[in-house]
Amino acid sequence: MTKLEITSTKRLAPFTFQWPAAVEEFEQGWECDVTIDGAPHVVKHGLGQRVVYGRPRVHTVTWLDAKVQVEGVEADDYPTSQALLSRVRRPDGKLVGWFDEVQRGYEGFLIVRHRSEIDAPHSPNCLAVKVREDDLASWAGHAWLRSCLKKVPSSPGVAVHRRPVPPRPPAPTPSLDGHAVVRALLAHGDALATQLAPSGAQFTPDPSANQLLVKNPFAFLLAVISDMGIKAERAWALPFELRRRLGYLDPARVAANSEEVYRAVQSTPTLHRFINLIPKWIVEAARIVEEEYGGDAGSIWRDGPTAKELRRRLERFPGIAQKKAAMAVEILERDLHVTVSDLDGGDVAFDVHLRRVFLRTGLAQHDDVREMVAVARKFHPERPGALDLPAWDIGRRWCRPRDPDCQLCPLTVVCPRLIERGSTVQGI
Ligand code: SF4
């Protein structure tokens, strides 16, 4: 195994680089002295911006001994991960499509499918490493591995004997083991928590919209109500945009100005797909907060209710049923640090992504809310709701309705992959 060590690092002032057809500007960068298997090298890593995959994205270039080796492009979740993707190549220069083809040496890297992490036209269906923009050791390692690859076909005097590689037998499909699946789900939940810990709760890519949700309980309530039929990020940004359009977001004024609320939601670009239902629910929610909670939405949970009681209170609001109430209880306790007791009374949210994962992993036999809630309670009785976020995330990123990416899924070694069972899941 190659040993790579960074011995010194210095920050660079903004600089430019002359490509054959253009000059690229880098706002910042680093230069490192590294030793690779004892030999000294210099690695330079620059951060700039380019229009790639349909919009301006952070773009990096990494040089090894003054030669460009690898480039990185901002992933879709960059606002929360600060991570970029860099394609993995084969010795013939073609993009790597399958794990079997990944060069040795990438064992410690996070390998992802490019199109899953950059969902945009022309995003290739190949594998890529996903690396934080400032993880210099990983960029140096990636650049080194790429440089080794380039040497293979042209190394003078080196005879490269290629034996035909027999096709690898398909990975054995694990048998059904609910406890193993739940352990893997909880481990993925822990990994997500660690990933998000430095930046706090990330509901949308916009930090100002996130701040409003954290600081303003009524905004949080409206986001929960709006979270249906559209991407979660858009739904959770709705209160921020609604406040911008209205100029206020206090329950009393929202309740008293229903026409303004309808107009704010419906004017182009509309704030939601359901342009009649959502403003109606927002006005009704404001009225309930005014009449039953003295205009303070935080009173819904400030007295430290049990998970069951809090679910009951939330389900009193229009547009909130089992799924959203269970999700909100988890988020309030886990991300907003609200005191909620008896979390064994919490539940998973009956959401399309979770349903697909529960069915395909064999945790549930039927697409039925009572069965899934019971399964979560059976396998993780101390906190059933803890299965909610990891299952939702896996359903969204890997266990897609069509073409699930089992090879890269965090559940791959424990999941019996009952693909067909989850393909019938419908809903929003
Ligand atoms: S993507 Fe594959 S391995 Fe992952 S949960 Fe779905 S079926 Fe199982």
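Residues numbered from 1 in each chain as written. Predicted model: local features only at pLDDT ≥ 70, side-chain atom pairs only at ≥ 80, totals over all residues. Heavy atoms only, no water.

K.L.:
Even after reading the chapter, I still don't get the overall build of the chain, so can you show me in this structure?
P.N.:
Per the secondary structure count, the chain includes 16 helices and nine strands. Reported as C-alpha extents along the three principal axes, the dimensions of the chain are approximately 85 × 50 × 35 Å. Residue burial in the chain is summarised as follows: out of 428 residues, 48% are buried. Taking contacts inside the chain between residues at least 6 apart in sequence as the whole, the part at least 24 apart equals 60%. Carbon and sulfur atoms provide 54% of the accessible area of the chain, an area that totals close to 21,400 Å². (Helix = DSSP H or I, 4+ residues; strand = E, 2+ residues; numbered from the N terminus. Buried < 20%, exposed > 50% of the residue type's maximum accessible area, 1.4 Å probe, protein only. Contact = heavy atoms within 4.5 Å. Areas by Shrake-Rupley, 256 points an atom, 1.4 Å probe, with all protein chains shown as cover.)

K.L.:
Just to check I follow, could you spell out the site of the ligand for this structure?
P.N.:
What surrounds the ligand is the set Arg360, Trp398, Cys399, Pro404, Cys406, Cys409, Leu411, Cys415, Arg417 and Ile419. Of the residues belonging to the shell around the ligand, the class tally is eight nonpolar, no polar and two charged. (Near = heavy atom within 4 Å. Nonpolar A, V, L, I, M, F, W, Y, C, P; charged D, E, K, R; others polar.)

K.L.:
I tried to follow the confidence of the model for the chain on my own but got confused; where do I start?
P.N.:
As a note on interpretation, predicted positions should not be read in detail where pLDDT is low. With 92% of its residues at a pLDDT of 70 or more, the chain shows a mean pLDDT of 88. Scored below 50 in pLDDT, residues 153-169 makes three contacts in the model with residues more than four places away or belonging to other chains. (pLDDT = per-residue confidence, 0-100.)

K.L.:
Explain the packing of aromatic side chains to me, please; I cannot follow it from the model alone.
P.N.:
Geometrically, a pair of aromatic rings is defined through the distance of the ring centres and the angle of the planes. Considering all chains together, one arrives at ten aromatic pairs under this definition. Taken together, a centroid distance of 5.0 Å and an interplanar angle of 15 degrees make the contact between Phe15 and Phe26 stacked. With Phe15 in strand S2 (residues 15-18) and Phe26 in strand S3 (residues 23-36), this pair connects stretches of sequence that are eleven residues apart. Using a relative accessible area of 1% as the deciding quantity, one classes Phe26 as buried. On the basis of an interplanar angle of 75 degrees and a centroid distance of 5.6 Å, the ring pair of Phe26 and Trp63 is categorised as edge-to-face. Here the residue Phe26 occupies a position in strand S3, and Trp63 occupies one in strand S5 (residues 55-64), the gap between them amounting to 37 residues. Across the pair, exposure class does not vary: Phe26 and Trp63 are buried alike. By way of ring pairs, the aromatic residues Phe15, Phe17, Trp19, Phe26 and Trp63 are connected into one cluster. (Phe/Tyr/Trp six-rings, centres within 6.5 Å; stacked < 30°, edge-to-face > 60°.)

K.L.:
I'm lost on the nonpolar core in this one. Help?
P.N.:
Buried together is how nonpolar side chains tend to be arranged in soluble globular proteins. If you look at the biggest cluster of nonpolar residues, it comprises 56 residues, and the most contacted ones within it are Leu221, Trp236, Leu242 and Leu314. When residues of this core are traced back to their parent elements, those giving at least two are helix H5 (207-215), helix H6 (217-226), helix H7 (232-246), helix H9 (258-266), helix H10 (277-293), helix H11 (307-314) and helix H12 (322-334). Among the elements that take part in this core, H10 stands out by supplying nine residues, more than any other. Excluding its chain neighbours within four sequence positions, the residues that come into contact with Leu314 are Leu221, Ile300, Trp301, Ile320, Ala325, Ala328 and Val329. (Core = buried A, V, L, I, M, F, W, Y, C linked by side-chain atoms within 4.5 Å.)

K.L.:
Would you mind going over the domain arrangement of the chain with me for this structure?
P.N.:
Much of the literature gives interface size as the accessible area that the parts lose upon coming together. Partitioning the chain into structural domains gives domain 1 (4-149) and domain 2 (178-423). Listed as interface residues are 14 residues of domain 1 and, on the opposing side, ten residues of domain 2. For the domain 1 and domain 2 pair, buried surface summed over both sides reaches about 870 Å², with 47% attributable to carbon and sulfur atoms. Ranking the residues of domain 1 by area buried against domain 2 places Thr80, Phe99 and Arg113 at the top, with a combined share of 46%. Our count for the domain 1 to domain 2 interface comes out at two salt bridges. (Domains from an automatic or database assignment. Buried area = accessible area lost by both parts, 1.4 Å probe. Salt bridge = Lys/Arg side-chain N within 4 Å of Asp/Glu carboxyl O.)

K.L.:
Looking at this structure, I do not really get the side chain of Glu24. What am I missing?
P.N.:
As for its placement among the helices and strands, Glu24 is situated in strand S3. A polar contact is formed between the side chain of Glu24 and the side chain of Trp19, at a distance of 2.9 Å. Of note is the side chain of Glu24, whose polar atom sits 2.6 Å from the side chain of His59. (Polar contact = N/O pair within 3.5 Å; in protein donor to acceptor, adjacent residues only side chain to side chain.)

K.L.:
Sorry if this is basic, but what is going on with helix H13 (residues 352-360) here?
P.N.:
In an α-helix there are 3.6 residues to a turn, and that puts residues three or four apart on one side. Within H13, nine of the nine residues are buried, leaving the element largely enclosed by the surrounding structure. Val352, His353, Leu354, Arg355, Arg356, Val357, Phe358, Leu359 and Arg360 are the residues of H13 that are buried. The N-cap residue of H13 is Asp351: its side-chain oxygen and the backbone nitrogen of His353 are 2.8 Å apart.

K.L.:
Looking at this structure, I do not really get empty space enclosed by the protein. What am I missing?
P.N.:
Over the atoms rolls a probe the size of a water molecule, and in doing so it shows where empty space is left. With the rule as written, the count across this model stands at one cavity of 30 Å³ or more. Counted as a void, the largest cavity has a volume near 100 Å³. Around the largest cavity, the lining comprises 14 residues; the ones closest to its centre are Cys399, Cys406, Cys409, Cys415 and Arg417. Its residues assigned to classes, the lining of the largest cavity shows ten nonpolar, two polar and two charged. (1 Å grid on protein atoms, 1.4 Å probe; cavity = no way out; pocket = protein on both sides within 12 Å on 5 of 7 lines; lining within 4 Å. Points joined across faces, edges and corners; volume = space filled by probe spheres on them.)

K.L.:
Looking at this model, I keep getting lost on the pattern of salt bridges. Mind explaining?
P.N.:
Side chains carrying opposite charge are able to pair once their charged atoms draw close together. With the rule as written, the count across this model stands at 33 salt bridges. Put simply, Asp405 and Arg113 hold a salt bridge, and the shortest N to O gap is 3.0 Å. A residue pair is termed long-range when its members are at least 10 positions apart, and Asp405 in the loop between helix H15 (388-397) and helix H16 (419-423) and Arg113 in strand S8 (residues 111-113) qualify at 292 residues. Among the residues examined, Asp405 registers a relative accessible area of 7% and is labelled buried. Exposure remark for Arg113: the relative accessible area of 8% places this residue in the buried category. A salt bridge links Glu241 to Arg245; the shortest N-O distance between them is 3.1 Å. Placement of the pair is Glu241 and Arg245 together in helix H7, with a separation of four residues, close to one helical turn. On the basis of relative accessibility, which here comes to 25%, the residue Arg245 falls in the partly exposed class. Here the residues in one salt-bridge network are Asp77, Glu117, Lys130, Asp393 and Arg397, joined through shared partners.

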